[in-house]
Amino acid sequence: MADRLYLDHAATTPMLDAARVAVADGMARWANPSSPHAEGRAARAALERARAEIAAAYGWRGETLLTSGASESLAIALTRSTRARLLIGATEHDAAIRAAPDATIIPVTPDGLIDQTALAERLATPALVAVQWANSETGVRQPIAALAAIVHAAGGLLLVDAAQMPAGADPALAETADFIAISAHKRGAPPGTGALLVRDLATLTPVGGQERGYRAGTENLPGALGHAAALAVAEPVSHYAGLREKLDDAIARSGGEVVGAGASRHPAIGSYRMRGLAAATQLVRFDMAGIAVSAGSACSSGSMKPSHVLTAMGWSGEATREVIRVSFGRATTEADIDRFVAAWRSIARSVQAFAA
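About the thresholds
- Along each chain, the written sequence defines residue order, and numbers are assigned to residues from 1.
- In keeping with the model being predicted, local features are shown solely for residues with a pLDDT of at least 70 and side-chain atom pairs are shown and tallied solely at 80 or more, while totals for entire chains, interfaces and linings include all residues.
- Only hydrogens and water are set aside; all other atoms, that is, all heavy atoms of the structure, feed into the side-chain values.
- Here a helix means four or more residues in a row that DSSP labels H or I, a strand means two or more in a row labelled E, and each is numbered from the N terminus.
- C-alpha atoms define the radius of gyration, and 2.2 Å times the number of residues to the power 0.38 defines the globule rule.
- In what follows, residue pairs with any heavy atoms lying within 4.5 Å of each other are defined as contacts.
- Residue exposure ignores everything except the shown protein chains as possible cover, and the areas themselves are Shrake-Rupley values with a 1.4 Å probe.
- We treat Lys and Arg as the positive residues and Asp and Glu as the negative residues; His and chain ends play no part in the count.
- Here the site of a charge means atom NZ of a Lys, CZ of an Arg, CG of an Asp or CD of a Glu.
- Counted as salt bridges are all cases of a side-chain nitrogen of Lys or Arg within 4 Å of a carboxyl oxygen of Asp or Glu.
- Two strands are said to pair when DSSP picks up at least two bridges between them.
- All axes here are fitted lines through C-alpha atoms, helices being fitted over the stretch that makes contact, and every angle between N-to-C directions spans 0 to 180 degrees.
- A simple rule labels every residue: compare its accessible area, found with a 1.4 Å probe on the protein chains alone, to the largest value its type can have, and call it buried under 20%, exposed over 50%, or partly exposed in between.
- Two N or O atoms form a polar contact when they lie within 3.5 Å of each other; inside protein one atom must be a possible hydrogen donor and the other a possible acceptor, and for residues adjacent in sequence the pair counts only when both atoms belong to side chains.
- A pair of Phe, Tyr and Trp rings is counted when the ring centres sit within 6.5 Å of each other, with Trp represented by its six-membered ring. The angle between the planes then sorts it: under 30 degrees is stacked, over 60 is edge-to-face, the rest tilted.
- The term nonpolar core refers to a set of buried residues drawn from Ala, Val, Leu, Ile, Met, Phe, Trp, Tyr and Cys, joined through side-chain atoms within 4.5 Å.

Draft legend 1. Inspection of the overall build of the protein chain at higher detail. From N to C terminus, the protein chain includes 13 helices and 12 strands. A compact globule built from 356 residues should have a C-alpha radius of gyration of about 21 Å, and the protein chain, at 21 Å, falls within 12% of that. Taken along its principal axes, the extent of the C-alpha atoms in the protein chain is 75 × 50 × 30 Å. Here the contacts in the protein chain between residues at least 6 apart in sequence split such that 71% fall between residues at least 24 apart. If you sum the accessible surface of the protein chain, you get close to 14300 Å²; carbon and sulfur atoms cover 56% of it. Within the protein chain, one finds 33 positive and 34 negative side-chain charges whose respective centroids are separated by 2 Å.

Draft legend 2. Structural context of the pattern of salt bridges. Across all of its chains, the model carries 20 salt bridges by this definition. For arginine 44, the salt bridge goes to glutamate 219, with nearest N and O atoms at 2.7 Å. Residue arginine 44 is located in helix α2 (residues 38-57), and its partner glutamate 219 is located in the loop between β8 (194-198) and α8 (221-231); the two are separated by 175 residues in the primary sequence. Here the residues in one salt-bridge network are Arg44, Glu48, Arg51, Glu63, Glu211, Arg212 and Glu219, joined through shared partners.

Draft legend 3. Region of the structure containing the environment of leucine 196. For leucine 196, the position within the fold is in strand β8. With 21 residues separating them in the primary sequence, leucine 196 and glycine 217 have C-alpha atoms 16 Å apart. With near-sequence residues (within four places) excluded, leucine 196 lies in contact with Glu63, Thr64, Leu65, Thr67, Ser73, Ile76, Ala77, Leu159, Phe179, Ile180, Ala181 and Leu204.

Draft legend 4. Seen up close, the sheet that holds strand β4 (residues 104-106). The strand order across the open sheet formed by seven strands is β2-β8-β7-β6-β5-β3-β4, and the pairing between neighbours is mixed. Since the sheet does not close on itself, it has two edges, and those belong to β2 (63-67) and β4, each with one partner. Averaged over all neighbouring strand pairs, the angle between strand axes comes to 20°, with direction disregarded. Judged from the five bridges that link them, strand β7 (residues 179-183) and β8 form a sheet pairing that is antiparallel. Bridge pairing in β8 places serine 183 opposite glycine 194. Contacting β2 and β7, α2 runs over the sheet at an angle of about 115° to β2.

Draft legend 5. Quick peek at the side chain of glutamate 211. Examined against the element boundaries, glutamate 211 turns out to sit in the loop between β8 and α8. For glutamate 211, a relative accessible area of 3% translates into the label buried. Here arginine 51 takes part through its side chain, which lies 2.6 Å from a polar atom of the side chain of glutamate 211.

Draft legend 6. Quick peek at the environment of serine 254. Its location among the elements puts serine 254 in the loop between α9 (237-253) and β9 (257-258). Judged by relative accessible area, serine 254 falls into the buried class, the value being 18%. In this structure, the C-alpha to C-alpha distance between serine 254 and methionine 274, residues 20 residues apart in sequence, is 9.5 Å. Those residues in contact with serine 254, other than ones at most four positions away along the chain, are Trp344 and Arg345. Side chain to side chain, serine 254 and arginine 345 meet in a polar contact 2.6 Å long.

Draft legend 7. Expanded view of the pairing of strand β5 (residues 127-132). Within β5, six of the six residues are buried, leaving the element largely enclosed by the surrounding structure. Burial along β5 is two-sided: Ala127, Val129 and Val131 and Leu128, Ala130 and Gln132, pointing in opposite directions, are all buried. Sheet analysis places strand β3 (residues 85-89) next to β5, joined by four bridges and oriented parallel. The residue of β5 that forms the bridge with leucine 86 is leucine 128. With five bridges joining them, β5 and strand β6 (residues 157-161) adopt parallel strand pairing.

Draft legend 8. Up close: the packing of aromatic side chains. The final tally for this structure, using the stated rule, is two aromatic pairs. With 6.3 Å between their ring centres and 45° between their planes, phenylalanine 340 and tryptophan 344 make a pair best called tilted. Placement of the pair is phenylalanine 340 and tryptophan 344 together in helix α13 (residues 334-355), with a separation of four residues, close to one helical turn. Judged by relative accessible area, phenylalanine 340 falls into the buried class, the value being 0%. With a relative accessible area of 1%, tryptophan 344 lands in the buried category. Members of the aromatic cluster, joined through ring pairs, are Phe286, Phe340 and Trp344.

Draft legend 9. Geometry of the nonpolar core. In this structure, Leu119, Val129, Val160 and Leu173 are the most contacted members of the largest nonpolar core, which totals 52 residues. In contact with leucine 173, other than residues within four places in its own chain, are Trp133, Ile144, Val160, Ala162, Met165 and Ile180.

Take a look at the structure:
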């Protein structure tokens, strides 16, 4: 696998060495953190240190509930909020849609941005509003501060799905959101852990025996330690942005279409349309060339169903089926981008030749 190029980091990214060491340490601390004896107290102390380090990485000064990942965090906020009404953006992740099937949908513009006028109109009654920091499929970033101002002026609460956000990439988020859902395995930590950052626990209904009474089961100490250790390793956000800009330019010059080009986007996520070739076929062709990419959202990369995200942005059914996603990690280089672009151009030429 050494010669393969992995460009699907938005789905999951390889675990960092620091996280592996921390997970091993957590395994050695085998005691239940809820036990009152010395071993349990030592495990609890380690867990609380990890909790504090996770919060600090995001500049968070509220409560931090450790969960199994962003999907569970979203479900907790959406199903236990003290706000009876729920509003979610039309391009939200499937996890939010599943957790709030009866929520009012907020439309988006052709660039994938929340329609702020429509949001204000739907907030005649206070509600919990759920939006993504950056869409996991297109990378389109929402103007969180502006949305928060609208939501809070109407007496609502703002839940931000920040599963794709590098820690520290947006310091203002901690000042504006009421809830933030984060994922560990997209930041180089072990899968199966994450957190829900909560400004005020009084805005949630408690259920369960752990995590301040908001979750059931036994705490995942190894996962929490691995998560904290991974977040301590800074991500090269400016490097990501340079790579994505280079890729955007190359794709556009090669006849491809950059999704959400008019909006601010995630520095490490880009979606691109190759006209005339289904995404499923593109994925196979790239895989045969030793390059791993994806189509759809982070948790449904293998799914070939039509994209509700692109549909909400006004794309036709045919167009939605021709879009793939490329996402970078710490080890991605300019040479990797060059390799991907060369493969893209080769595949695109074969499409053109077939059409002729």
